[in-house]
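# Architecture at a glance
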Amino acid sequence: MTYTDHIVGLALTATPSEDALASARSQLEEIRAALGHGAVAIGDAHPGGAPSAMNHAWRAVIATAATAQGRHWHAIGVTVVALQDVALQDVSTGQTASDDAVTAVAVGSVVADQIAAALGSTSAADRWSHRTVAGLIGAGVAAGRLLNLDEAQLRNVVGLCATQAAGLHAVDESESGIVQLAKVAADAVEAAVLARHGFSSSADGIGGRRGLFALLAPDHTWRGDIGAA
């Protein structure tokens, strides 16, 4: 089993705990509430029409950054909201998040936690932003779960996210850190939509010989018995 096999398996089959689902639901409701106050500013940037899901994701991160309340995987929730609002035309009413959206965020957060743990176990742990690198993989998985992508499509999502994953730990707490998170949400939306339409990527974009870990965590050792959700 490769690391990407493991991540795709989580994306397809993970059953998050009740606590994880409650946290995901709370996150989505906070994002919805914040966007309710910032919707005019987002709309004004597109006088010719509604933004794309990618653009909506980018701007929604900026609009809701102040209300993230320290949530490490804020971009995952925004990715799901952007896809609901634009790509799926499924805007949740009030502050109620759909079960599919909640599960997608919870599963994406599980994946992000595991990627972050792997990155944190290496000598390069303090160089890269874990919330953007791991967050992008998690956000891509959440998007794929929401869109009901199949195994091959999810594998392509992971590869597409892995090839775009970046971000410096040094700027995490600055305004540049918010821009990094905005890029995470936009890139995750793009990866999921591309994969949905047949765009392909590496079979093991994370753990392959020239994959994400080979670059960012070269001394990480993959164990096939790593725990699931």
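A brief structural summary. (Residues numbered from 1 in each chain as written. Predicted model: local features only at pLDDT ≥ 70, side-chain atom pairs only at ≥ 80, totals over all residues. Heavy atoms only, no water.)

What follows covers the overall build of the chain. A tally of regular secondary structure across the chain gives nine helices and zero strands. Across the chain, helices and strands are ordered from the amino to the carboxyl terminus as α-α-α-α-α-α-α-α-α. Long-range pairs, those at least 24 residues apart, make up 83% of the contacts in the chain with a sequence separation of at least 6. As presented, the chain carries roughly 10200 Å² of accessible surface, and 53% of it is formed by carbon and sulfur atoms. (Helix = DSSP H or I, 4+ residues; strand = E, 2+ residues; numbered from the N terminus. Contact = heavy atoms within 4.5 Å. Areas by Shrake-Rupley, 256 points an atom, 1.4 Å probe, with all protein chains shown as cover.)

Moving on to the pattern of salt bridges. As enumerated under the stated definition, the model contains five salt bridges in all. The salt bridge partner of Asp187 is Lys183, with a shortest N-O separation of 2.6 Å. A residue pair is termed a helical-turn pair when its members lie 3 or 4 positions apart in one helix, as Asp187 and Lys183 do in helix α8 (residues 175-196) at four residues. The network of salt bridges with shared partners includes Asp5, Glu151 and Arg155. (Salt bridge = Lys/Arg side-chain N within 4 Å of Asp/Glu carboxyl O.)

A word on the packing of helix α3 (residues 53-64) against α8. α8 packs onto α3 with a crossing angle of 155 degrees between their chain directions and a minimal axis gap of 8 Å. It follows from the interaxial angle that α3 and α8 lie roughly antiparallel. For α3 against α8, the interelement crossing comes out right-handed. Contacts between α3 and α8 pair Ala53, Met54, Ala57, Trp58, Val61 and Ile62 from the former with Ile178, Val179, Leu181, Ala182, Lys183, Ala185, Ala186, Val189 and Glu190 from the latter. Of the residues assigned to the contact of α3 with α8, the class counts are 13 nonpolar, no polar and two charged. (Axes fitted to C-alpha atoms, helices over the stretch in contact; angles between N-to-C directions. Parallel < 35°, antiparallel > 145°, perpendicular 65-115°, else oblique. Left-handed = near helix turned anticlockwise from the far one by under 90°. Nonpolar A, V, L, I, M, F, W, Y, C, P; charged D, E, K, R; others polar.)

This next bit is on the nonpolar core. Soluble globular proteins tend to pack their nonpolar side chains together in the buried interior. In terms of nonpolar packing, the biggest core is built from 68 residues, with Ile7, Val80, Ile115, Ile137, Ile206 and Phe213 touching the most fellow members. Per-element tally for this core: the top contributor is helix α5 (residues 99-120), with 13 residues. The residues touching Ile115, leaving out its near neighbours within four places in the chain, are Tyr3, Ile7, Ala134, Ile137, Ile206 and Phe213. (Core = buried A, V, L, I, M, F, W, Y, C linked by side-chain atoms within 4.5 Å. Buried < 20%, exposed > 50% of the residue type's maximum accessible area, 1.4 Å probe, protein only.)

What follows is about the packing of helix α6 (residues 130-146) against α8. For any two helices packed against each other, the geometry is given by the interaxial angle and the distance between the axes. Orientation of α6 relative to α8, taken along the N-to-C sense of each, is 30 degrees, at an axis distance of 8 Å. With respect to their mutual orientation, α6 and α8 come out roughly parallel. In the crossing of α6 with α8, the sense of the turn from one axis to the other is right-handed. Contacts between α6 and α8 involve Arg131, Thr132, Gly135, Leu136, Ala139, Gly140, Ala143 and Gly144 from the first element and Gly177, Gln180, Leu181, Val184, Asp187, Ala188 and Ala192 from the second. Class assignment of the residues belonging to the contact of α6 with α8 gives a composition of seven nonpolar, six polar and two charged.

It is worth spelling out α6 at this point. Taking 1.5 Å of rise per residue, 17 residues should cover 24 Å, and α6 covers 23 Å from first to last C-alpha, within 8% of that figure. If you look at α6, its biggest bend is around 30 degrees, right at Leu136. With respect to burial, α6 is a largely interior element, 16 of its 17 residues being buried. One or two steps after α6, the chain reaches Asn148, where phi turns positive at roughly 60 degrees. (Expected span 1.5 Å × (residues − 1). Bend = angle between axes of the 7 residues up to and from the residue.)

Time to look at the environment of Gly208. Its place among the elements puts Gly208 in the loop between α8 and α9 (212-216). For Gly208, a relative accessible area of 17% translates into the label buried. C-alpha of Gly208 to C-alpha of Thr2: the two residues are 206 residues apart in sequence and 7.9 Å apart in space.

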